Amino acid sequence: MTLAWIPLLTLLGVLIPVPMERFGRRLCTLATATPVVIALILVLSQLPMLLSGGLPHFSLTWIPSLGLDLAFRLDGLSLLFAVLILGIGLLIILYASYYLSAEEASGRFYAYLMLFMTSMIGIVMADNLILLWIFWELTSLSSFLLIGFWSHWTDARKGARMAMTVTGAGGLALLAGLLLLGDMAGSFDMGTVLASGEAIVADDRYPIMLVLVLLGAFTKSAQFPFHFWLPHAMAAPTPVSAYLHSATMVKAGIFLMARLHPAIGDSLLWSWLVTLTGMATFLYGAWFALVKTDLKAILAFSTVSHLGLITALLGIGSPMAIVAALFHILNHAAFKGAMFMNAGIIDHETGTRELDQLGALRHAMPMTALVTMIAAAAMAGVPFLNGFLSKEMFFAETLYTPLLGGLGWLLPMLATLGGILSVAYSLRLVHAVFFKPARRQPPKTPHEPPRLMRAPAMLLVMICIAVGLFPALLATGILELASTAVLESVPELHLAIWHGVNLPLLMSLIAIIAGVATYGLHIHLKRFVRQFAPIDARLVFEGAIQTIASIAHTLTRRLDNGSLQRYMSWLLGGALLLATLGLVQLPRLDGGQATHPVDGILLLGAALMIFGAIGTVVSHRHRLISLLMLSVVGLVVSLTFARFSAPDLALTQLSVEVVTMILLMLALFFLPQKTPRESSAKRNIRDLTLAGSLGMVIASLNYAVLTRDIDSISNFFVENSVPGGGGHNVVNVILVDFRGFDTLGEITVLALAGLAIYKLLNRLRLFMPHSDGEGRVWSPDRYPMILTSVSQTLLPLALLVSAFIFLRGHNQPGGGFIAGLITAVALILIYMARGVEWTQSHLDFPYQPVAIGGVAVATLTGLGSFVFGYPFLTSAFGHFHLPWLGDFELATAMLFDLGVYLAVVGATLMILANLGKVTTPHRPRKDDSRAGTQQPQPSSKEPR
Amino acid sequence: MTHYVILEGVIAFFLIAGGAFAFIGSLGMTHLRDFYMRLHGPTKSTTIGIGCILIASMLYFWVTEGKPDIQELLITLFLFITAPVTAHLLAKTGLHLRLEHVEKTRGHPVELRREEVGEKPVPHPDKGHG
């Protein structure tokens, strides 16, 4: 459980900063740092167990069917990274409290930072591949928020988006790779995966998996050619750069490669891919660090370069190389963190990061100059500092690796070249900022920052010196511990400054001397570089994004051209194709089941329906007649339901038909009264062919299905309706009990649709014709008296009927849905007879809460079964006896049905009443004083 | 025994009367000469006809099943409510549209006020569109 508390603490830490912000920056910083300190102590408290050879582990089943467990482990590798993340995180929290200006939202910043810290901790401690991936994506998300923290600045937004796109795409590749990996290992459990390395390497899918996983790691760790996002991510506030882009996030890819090294690292393909990518990145980054002029860009490219170095070491893969990689991770975090913090200080105190405007700062800020110089020296690999040790180990490994065979001398040569470049750019940075006189004045007069702002960088630099001087004492322990997680047998470590005169030492010397010389020739290099047109990665990236977007746009426009006929023809054509394919495969159409005899009534009904359908099409330019024809079809359908013993459906169909017709009338009011002839003969033939063939295919399909024995689930429902659901009306029991979850979804959709229509109609001003097609103005007698009085008299009766239908629904035809429709129809009749104004002044309640309340009632009924320890939506029913009333039955399904009823009434009326409100010339306006207080103003934003 | 015969007679009378009224109503709807005359057929005659048939049905099931059933009465009630409302609305529409009528149709749209008929026909804004 202790392990689970570590990510949990940092996660809780996300909630702390925002409410604490009002108590001042200092307290907010302290409160934010507290959980981090506790988490760090918790991590270190596991050290004794680790040293005695144990493996702290925590596991909780999450989604077993996916192989996803909430499992954490803390082996040496995790410990190394966790200390790095939490420790440097602490320093960054302290540093940021000085870096951010007083008016900036430090609470939000800290919350993002803690979120990021949680996801990083999650990555390094995850004991499950999928869990690891989830945290991996979380780092992409939270880093997006952090990079784009200054969201008013376009560079920050674009940089954040680029980082998100690149690392997110890599994350998707990683997911595919991890799924494959888990499949090959037979489990997503980290221990199992790490133990089955041989089987994984021998698998056929190994190359694909490896490439996918490496894509994830390379994008995250900014390896060539995916490095371009890192320099652009420098638009982030400097604490973020120091944390994400030197110490933690970009190391996630490195961590992944180290973590999975036992499982996937033992192959030639791995060595080639990883080593060469690493070397290329190492050189590429170093070169660009030398030619850039922005302080942070130099550091960014230098980070890219160092990440390449570590990657190359992991690719070489010998035990000593792994140790060297881990060592360099630590060292790089220390000196690069310090460098970034000092770059931030310089930026903060001078107002610029351009080398041109900086210079001779050693007089103004001597302490910062000293600290930066030591950190830069460590970066360059100067003896007696930590960078020297790991770099020398790197040189040694490139010498002894068997990779590249006969061309084996190439690696140490390239390594030395990279070393030369890194000495040159470190020297250039220090010289240009602190010694060389500035060409232009910086915007602000520089001075030393507050002592506490300097403290984090100073602490890191002290670590650099201490490790550089006493490597055996300080680094051996943690390195041995960390490498046990990656290697089977840890090689004996001899960390020392002096190994005698040997080749690696010589390479270091060459690097330093040639590096100084290179900086001397720096001017000529610059002239050389100017010959090439500069490539702005952002322009290339944005261009690519734009191209993809425009391709997608073109494609969408082709498919989605706004023609409903086109969509219908696609849909129907697709259905036709599939149904035809299915039918062709049948041996014969007739399934052998006897058919019912045809009688006169059936024939008449069928004829009426056909007549109605054809009539609708033929009269489509006379919309009222067309609408009447359509209603003929609907009525006959409902009669058909009644005839074939589906009274529930018949009732529903009837009510739906009424509502639909009214809705169509209302909608038609706004459309042109006369429709022009639009279809050409060619199109008519196409449509006729499509419709005709579809009709034939559907008819054949129906015939084929109806003449065959069907063994469907319906028997189960019929048999279990009374014992399982306590109701004799199977349809209703299915709706509210067996398939209650579906119904819940449906009424939610209904309520949402109602709300959407309400929102769309709100403030809508449509053109309203004031006369009909022949130019007659509408009759001013809007509310005929007979209709008015009759509809009012009928309302209680109709409500009674709907209550009756509702109550008997569980055992006889009826139910909440039908009852809701009946209520809605009765109320609509009032609307039609008396108009919107009168009705709304008398029915003084908005329908939105009714619909939402209905969904809430249904959901709460479903949740109620949790109280009794049953799964969601379990229904209960029982028979009760009351004096006077006799025996009756109650089911919780009734309550659910009430929710359905309310949702249907609310949604239907929300749609119809609002559409009607648009229709009436007396619709309430903003300046309409008659609207008074009783009428819901469509312009008011708050739903009442 | 005899009251069965009498009841049979009553039921038969209502059935025949219902059929006759419905037929006359339908005939009127097809054969009368203008809208206002034709309106009488379905709204009055046919309604009576269906009412008769419903009463016959109610009596029949009362006799055979032994207990009265009020469903038919309810249907009749609703029918008698809807028919006049429909007729009223249709007649108003006809007057508003100034449907032509033959000489023999008595009465003129006097109950409508002048401004209700729409003195000046306004060209429809969508005319140019179609």
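The rules behind these values
Residues numbered from 1 in each chain as written. Chains lettered and ligands numbered in written order. Predicted model: local features only at pLDDT ≥ 70, side-chain atom pairs only at ≥ 80, totals over all residues. Heavy atoms only, no water. Helix = DSSP H or I, 4+ residues; strand = E, 2+ residues; numbered from the N terminus. Contact = heavy atoms within 4.5 Å. Salt bridge = Lys/Arg side-chain N within 4 Å of Asp/Glu carboxyl O. Buried < 20%, exposed > 50% of the residue type's maximum accessible area, 1.4 Å probe, protein only. Polar contact = N/O pair within 3.5 Å; in protein donor to acceptor, adjacent residues only side chain to side chain. UniProt positions renumbered as here; feature names shortened; annotations may be inferred. Core = buried A, V, L, I, M, F, W, Y, C linked by side-chain atoms within 4.5 Å. pLDDT = per-residue confidence, 0-100. Axes fitted to C-alpha atoms, helices over the stretch in contact; angles between N-to-C directions. Left-handed = near helix turned anticlockwise from the far one by under 90°. Pairing = 2+ DSSP bridges. Phe/Tyr/Trp six-rings, centres within 6.5 Å; stacked < 30°, edge-to-face > 60°. Parallel < 35°, antiparallel > 145°, perpendicular 65-115°, else oblique.

### Some remarks on the overall build of chain B
Looking only at helices and strands, chain B has 4 helices and 0 strands in total. The contacts of chain B with a sequence gap of at least 6 include a subset with a gap of at least 24, amounting to 63%.

### Some thoughts on the pattern of salt bridges
Residue and element names in this part refer to chain A. For the coordinates displayed, the defined rule picks out 12 salt bridges over all chains. Arginine 353 is paired through a salt bridge with aspartate 294; the nearest N and O atoms lie 3.2 Å apart. Placement of the pair is arginine 353 in the loop between helix H17 (319-350) and helix H18 (366-380) and aspartate 294 in the loop between helix H15 (268-291) and helix H16 (295-316), with a sequence separation of 59 residues. For the pair arginine 353 and aspartate 294, one class covers both residues: buried. Among the salt bridges present, the one from arginine 739 reaches aspartate 742, with a minimum N-O distance of 3.0 Å.

### Describing the side chain of A:Asp294
Residue and element names in this part refer to chain A. Note on aspartate 294: relative accessible area 17%, which makes it buried. Of the polar contacts made by the side chain of aspartate 294, one reaches the side chain of arginine 353; its length is 3.2 Å. Apart from residues lying up to four places away in sequence, aspartate 294 is in contact with Arg353 and Glu354.

### Here's the deal with the UniProt feature "transmembrane region" (unreviewed entry) in chain B
Residues and elements named next belong to chain B. As recorded in UniProt, the feature "transmembrane region" (unreviewed entry) lies at residues 6-25, 46-64 and 70-91. Between the C-alpha atoms that bound residues 46-64 there is a distance of 27 Å. The span itself is 100% helix and 0% strand. In residues 70-91, helix accounts for 95% and strand for 0%; the two terminal C-alpha atoms are 32 Å from one another.

### Focus: unusual backbone geometry
All names here are of chain A. Here the amide bond leading from phenylalanine 224 into proline 225 is cis, since omega sits at 0°, within 30 degrees of zero. Mapped onto the fold, proline 225 is located in the loop between helix H11 (206-220) and helix H12 (229-232). Residues other than glycine seldom take positive phi values, yet serine 645 does so here, at roughly 45°.

### Quick look at the environment of A:Leu690
Structurally, A:Leu690 is set in helix H31 (residues 681-706). Apart from the residues within four sequence positions on either side, A:Leu690 is in contact with A:Ser569, A:Leu572, A:Gly573 and A:Leu576.

### Brief notes about the nonpolar core
Residues and elements named next belong to chain A. Counting residues in hydrophobic clusters, the biggest one holds 190 residues, and the most contacted among them are Ile200, Trp229, Leu260 and Ile264. Once residues lying within four places of it in the same chain are set aside, the contact partners of tryptophan 229 are Met162, Ala163, Val166, Thr167, Thr219, Lys220, Ala222, His245, Met249 and Val250. In this structure, Val659, Ile662, Val900 and Val904 belong to the second largest nonpolar core, which totals 45 residues.

### Thoughts on the confidence of the model for chain A
Residues and elements named next belong to chain A. Confidence in the prediction for chain A averages 85 pLDDT; 96% of positions are at 70 or higher. Here strand E4 (residues 886-891) stands out as the least confident element of chain A, with mean pLDDT 64; H11 is the most confident, with 93. Across residues 922-944 the pLDDT falls below 50, and counting only partners more than four positions away or on other chains, this stretch makes 43 contacts in the model.

### Brief notes about the packing of helix H8 (residues 154-185) of chain A against H11(A)
Residue and element names in this part refer to chain A. Close contact between H8 and H11 brings their axes to 7 Å; oriented N to C, the two are set at 145°. For the pair H8 and H11, the crossing hand works out as left-handed. Across from Val166, Thr167, Gly170, Ala173, Leu174, Ala176, Gly177, Leu178, Leu180, Leu181 and Met184 in H8, the residues of H11 making contact are Tyr206, Ile208, Met209, Leu212, Val213, Leu215, Gly216, Thr219 and Lys220.

### A look at the pairing of strand E1 (residues 57-63) of chain A
All names here are of chain A. In this sheet, strand E2 (residues 68-73) lies alongside E1 in antiparallel orientation, the contact comprising 6 bridges. Residue pairing across strands places histidine 57 opposite arginine 73, the latter belonging to E2. Linking E1 to E2, which pair antiparallel, is a turn of 4 residues; within it glycine 67 sits at a positive phi near 75°.

### Topic: the environment of A:Asp687
Structurally, A:Asp687 is set in helix H31. For A:Asp687, the side chain forms a polar contact with the side chain of A:Arg686, separated by 3.0 Å.

### Concerning the packing of aromatic side chains
Two aromatic rings are characterised by how far apart their centres lie and by the angle between their planes. Residues and elements named next belong to chain A. This structure, assessed with the given rule, holds 23 aromatic pairs over all chains. Aromatic pair phenylalanine 58 and phenylalanine 72: ring centres 6.4 Å apart, planes at 15°, arrangement stacked. Taken together, the positions of phenylalanine 58 in strand E1 and phenylalanine 72 in strand E2 put the pair 14 residues apart, joining distant regions of the chain. What makes phenylalanine 58 buried here is its relative accessible area of 13%. Both rings, one in phenylalanine 109 and one in tyrosine 110, keep their centres 6.1 Å apart while their planes meet at 65°; by these two values the pair is edge-to-face.

### Things to note about the packing of helix H7 (residues 129-147) of chain A against helix H14 (residues 249-264) of chain A
Residues and elements named next belong to chain A. Across the interface, H7 lies against H14 with an axial gap of 11 Å and an inter-helix angle of 165°. If you check the angle between H7 and H14, you find them roughly antiparallel. The way H7 lies across H14 gives a crossing that is left-handed. Mapping the contact onto sequence places Leu129, Leu132, Trp136, Thr139 and Ser143 in H7 and Met249, Ala252, Gly253, Leu256 and Leu260 in H14.

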